[in-house]
Amino acid sequence: MGQFIPNVVTYIHEKDECKRPAMIVVPGGGYSIVSPTEGEIVAKEFYRKGYNAFVVTYTTNLLKTSSLWLQLLKDLSKAVMFVRKRAEQFNINSSNVVICGFSAGGHLCGSLAVHHNITELVLDGEYEGINNRPDAVILSYPVITSGEYGHKDSFISLFGSDATEEELEYMSLEKHVTQKTPPNFIWQTAADELVPVENSYLFANACKEQGVVYKQHVFGNGRHGLSLANEDWASGHYGGDYTMQQLYETVQYLVDNGINFQNHLTCLEPFQKVPVYKRQ
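Being a predicted model, the structure only gives us computed values, none of them experimental.

Asks: Got a minute to help me understand the overall build of the protein in this structure?
Replies: Across its full length, the protein holds 10 helices and 7 strands. The C-alpha radius of gyration of the protein comes to 18 Å, within 12% of the 19 Å expected for a compact globule of 280 residues. Referenced to the eigenvectors of the C-alpha coordinate spread, the extents of the protein come out at roughly 55 × 45 × 40 Å. Across the 280 residues in the protein, those meeting the buried criterion constitute 51%. Long-range contacts, defined here as pairs at least 24 residues apart, represent 80% of the contacts in the protein between residues at least 6 apart. Within the structure as shown, the protein displays about 13,100 Å² of accessible surface, and the carbon and sulfur contribution to it stands at 48%. Side-chain charges of the protein comprise 22 positive and 31 negative groups, with the mean position of each set lying 6 Å from the other.

Below you can see the structure in the form of structure tokens.
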């Protein structure tokens, strides 16, 4: 509890003459967990396509006991810096670093896309002067707005139940797109039952108004949380569940302290069925 350190898992080709593009995968989970359904399975697919890939496990707020505010943005910003700083080690092109987020992870990626230049993300020491702006962004069924079409549970996890209007406005991403926002690809289904498709339209329209390069695909059918929507995903073969470390630690804390945690786990039901009672 409170001791979790965000981490990055790497999927790197053996070093060759060609510098590869980097893909940083940011799973969703409503800011309550980091979903395993959008982690390793996605990274390995990008790996097969020639990328050197990375999965970020960022800070989440299962118990909703405090406001995360900018902590998540700091996590992802530092992850981009981490990858760029080690471009030689990871054999990547530091000018081709892409972030790919799903659902709330899409909100986190979108947040970095529009807020990458804020002073709170500037680091001294070993990361001083390293660029945190992604070169491109993929937003997969993303949470975007805190307004009429917002996914309320994500914002409760982010800010708590008493978020200020200023906080909600700041993280309503369609209001902060500028000409400095990176090029982006947005996809979602019109039938998304959890995060309304209007989220994607709002961000796409903001990009259009600001002259930001973007592409949007909206598919007619499909539920929320499709990940890759391939056979591995459909059969539950998501790969490693290391993104769940934070959840396991939180549940263990509740068990050790005799706290009834059943109510805290109901927020996971809309996202996916995952093993939350025992560690694999």
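Asks: Hey, could you run me through the environment of Glu209 in this one?
Replies: Topologically, Glu209 is positioned in helix α7 (residues 198-210). Placed 30 residues apart in sequence, Glu209 and Gln179 show a C-alpha to C-alpha distance of 9.3 Å.

Asks: It is not clear to me how the sheet that holds strand β6 (residues 184-189) should be interpreted in this structure. Could you clarify?
Replies: The strands making up a sheet associate through backbone hydrogen bonding, with each pair oriented either parallel or antiparallel. Judged by pairing direction, the sheet is mixed, and its 7 strands sit side by side in the order β1-β3-β2-β4-β5-β6-β7 without closing on themselves. Edge positions in the open sheet fall to β1 (7-11) and β7 (214-219), since each of these has one partner strand only. Within this sheet the neighbouring strands show an average axis-to-axis angle of 15°, counted without direction.

Asks: In this structure, what is going on with the pattern of salt bridges? I would like to understand it.
Replies: Close approach of charged atoms allows side chains with opposite charge to pair. Using the criterion set out here, one finds 9 salt bridges in the structure. The partner of Glu45 in a salt bridge is Arg48, with the nearest N and O atoms 2.8 Å apart. Separated by 3 residues within a single helix, Glu45 and Arg48 lie in helix α1 (residues 40-48), roughly one turn from each other. The salt bridge partner of Lys85 is Glu126, with a shortest N-O separation of 3.7 Å.

Asks: Would you explain the side chain of Asn91 in this entry?
Replies: Within the secondary structure, Asn91 is located in the loop between α3 (87-90) and β4 (92-102). Among residues more than four places away in sequence, those in contact with Asn91 are Lys15, Asp16, Cys18, Lys19, Arg20 and Asn52.

Asks: Sorry, what's going on with the confidence of the model for the protein here?
Replies: The predicted coordinates ought not to be read in detail in places where the model reports low pLDDT. Mean pLDDT over the protein: 92, with 92% of residues reaching 70 or higher. Note on residues 270-280: pLDDT under 50 across the span, and 27 contacts to partners over four residues away in sequence or across chains.

Asks: Explanation requested: the packing of aromatic side chains in the structure shown.
Replies: Pairs of aromatic rings are described using the distance from one ring centre to the other and the angle between the two planes. On inspection of all chains with the given rule, the structure shows 9 aromatic pairs. A centroid spacing of 5.8 Å and a plane angle of 55° characterise the contact between Phe82 and Phe90, whose relative ring orientation is tilted. Phe90 gets classed as buried once you look at its relative accessible area, which sits at 6%. Here the aromatic residues Phe102, Tyr141, Trp187 and Phe219 are joined through ring pairs into a cluster of three or more.

Quick notes on the rules
Residues numbered from 1 in each chain as written. Predicted model: local features only at pLDDT ≥ 70, side-chain atom pairs only at ≥ 80, totals over all residues. Heavy atoms only, no water. Helix = DSSP H or I, 4+ residues; strand = E, 2+ residues; numbered from the N terminus. Rg over C-alpha atoms; globule rule 2.2 N^0.38 Å. Buried < 20%, exposed > 50% of the residue type's maximum accessible area, 1.4 Å probe, protein only. Contact = heavy atoms within 4.5 Å. Areas by Shrake-Rupley, 256 points an atom, 1.4 Å probe, with all protein chains shown as cover. Lys, Arg positive; Asp, Glu negative; His and termini not counted. Charge placed at Lys NZ, Arg CZ, Asp CG, Glu CD. Pairing = 2+ DSSP bridges. Axes fitted to C-alpha atoms, helices over the stretch in contact; angles between N-to-C directions. Salt bridge = Lys/Arg side-chain N within 4 Å of Asp/Glu carboxyl O. pLDDT = per-residue confidence, 0-100. Phe/Tyr/Trp six-rings, centres within 6.5 Å; stacked < 30°, edge-to-face > 60°.

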